Amino acid sequence: MENEDGRIFREAWIAGVRRNFPGEPKPGYITPWDETPDWERESAAAVFGQVRDFVTVSGGMTARLSREQKGRFVALCWIAQIHKHIPDPKPSYVADWAALPEWQKETDADIFEEIERVV
């Protein structure tokens, strides 16, 4: 199940990047699941689980959150995974919400809403 959860997260990320990224995204942004590094797969599954659990324990009331609130939650969970897997990450990898580009904010919100949809 964890593998499937991570795959859903990754596919939502890729769909969001394709929809929101201005211009041509970097190849690493749209790397298919089967070619995604193990640490990213593990992180995708972990964040999927955190969002799923948040939706569940709130009784589905996450539907009342704004897109920004949903995106912030995904972004923060992802930053924790970066710290877990990368000893000295580049500042852009752990940037706070205000410093993220708009396409990434929208993509993170898209991911949350996709997880809400499938939970």
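Read on for an overview of the structure. As the structure is a computational prediction, the values presented were derived from the model and not from experiment.

Section: helix H4 (residues 102–118)
At step 1: Along its 17 residues, H4 runs 25 Å from first to last C-alpha, staying within 8% of the 24 Å computed at 1.5 Å per residue.
At step 2: Taken together, the buried positions of H4 are occupied by Trp103, Lys105, Thr107, Asp108, Ala109, Asp110, Ile111, Phe112, Ile115 and Glu116.
At step 3: Those residues of H4 that are buried lie in contact with helix H1 (2–20), helix H2 (38–57) and helix H3 (67–85).

Thoughts on the pattern of salt bridges
At step 1: Across all of its chains, the model carries 13 salt bridges by this definition.
At step 2: A salt bridge links glutamate 68 to arginine 72, with the nearest nitrogen and oxygen atoms 2.9 Å apart. With glutamate 68 and arginine 72 both in helix H3 and four residues apart, the pair spans about one turn of that helix.
At step 3: The class of arginine 72 is partly exposed, set by a relative accessible area of 39%.
At step 4: Across the pair glutamate 113 and lysine 70 runs a salt bridge whose closest N-O atoms are separated by 3.6 Å. Taken as a pair, glutamate 113 in helix H4 and lysine 70 in helix H3 lie far apart in primary sequence, 43 residues in all.
At step 5: It is possible to trace a salt-bridge network through shared partners that takes in Arg19, Arg67, Lys70, Glu106, Asp110, Glu113 and Glu116.

Looking at the side chain of glutamate 116
At step 1: Position of glutamate 116 among the secondary structure elements: in helix H4.
At step 2: A relative accessible area of 17% means that glutamate 116 is categorised as buried.
At step 3: If sequence neighbours within four positions are ignored, glutamate 116 has contacts with Val55, Thr62, Ala63 and Lys70.

Some points on the side chain of threonine 31
At step 1: Topologically, threonine 31 is positioned in the loop between H1 and H2.
At step 2: On the basis of relative accessible area, threonine 31 is assigned to the buried category, the value being 17%.
At step 3: A polar contact of 3.1 Å, which involves the side chain of threonine 31, links it to the backbone oxygen of proline 27.
At step 4: Among the polar contacts made by the side chain of threonine 31, one reaches the main-chain carbonyl oxygen of glycine 28 at a distance of 3.5 Å.
At step 5: Those residues in contact with threonine 31 that lie beyond four places of it in its chain are Arg10, Ile14 and Thr36.

Conventions adopted
- Residue numbering note: each chain is counted from 1, following its sequence as written.
- Residue-level local features of this predicted model are given only where pLDDT is at least 70; pairs of side-chain atoms are given and counted only at 80 or more, and the full residue set underlies all totals for whole chains, interfaces and linings.
- No hydrogens and no water enter the side-chain calculation; it runs on all heavy atoms of the structure.
- Helix and strand assignments follow DSSP, with helices taken as H or I runs no shorter than four residues and strands as E runs no shorter than two, numbered in order from the N terminus.
- Expected helix span is given by 1.5 Å per residue-to-residue step, counting one fewer step than there are residues.
- Only protein chains enter the accessibility calculation, which uses a 1.4 Å probe; a residue is then buried when its area is under 20% of its type maximum, exposed when over 50%, and partly exposed in between.
- For this analysis, residues touch if any pair of their heavy atoms sits within 4.5 Å.
- Salt bridge, as used here, is a side-chain nitrogen of Lys or Arg placed within 4 Å of a carboxyl oxygen of Asp or Glu.
- Polar contact is defined as a pair of N or O atoms within 3.5 Å, subject to the rule that within protein one atom must be able to donate a hydrogen and the other to accept it, and that residues adjacent in sequence are counted only when both atoms are side-chain atoms.

Don't take any of this as a statement about function, it's just geometry.
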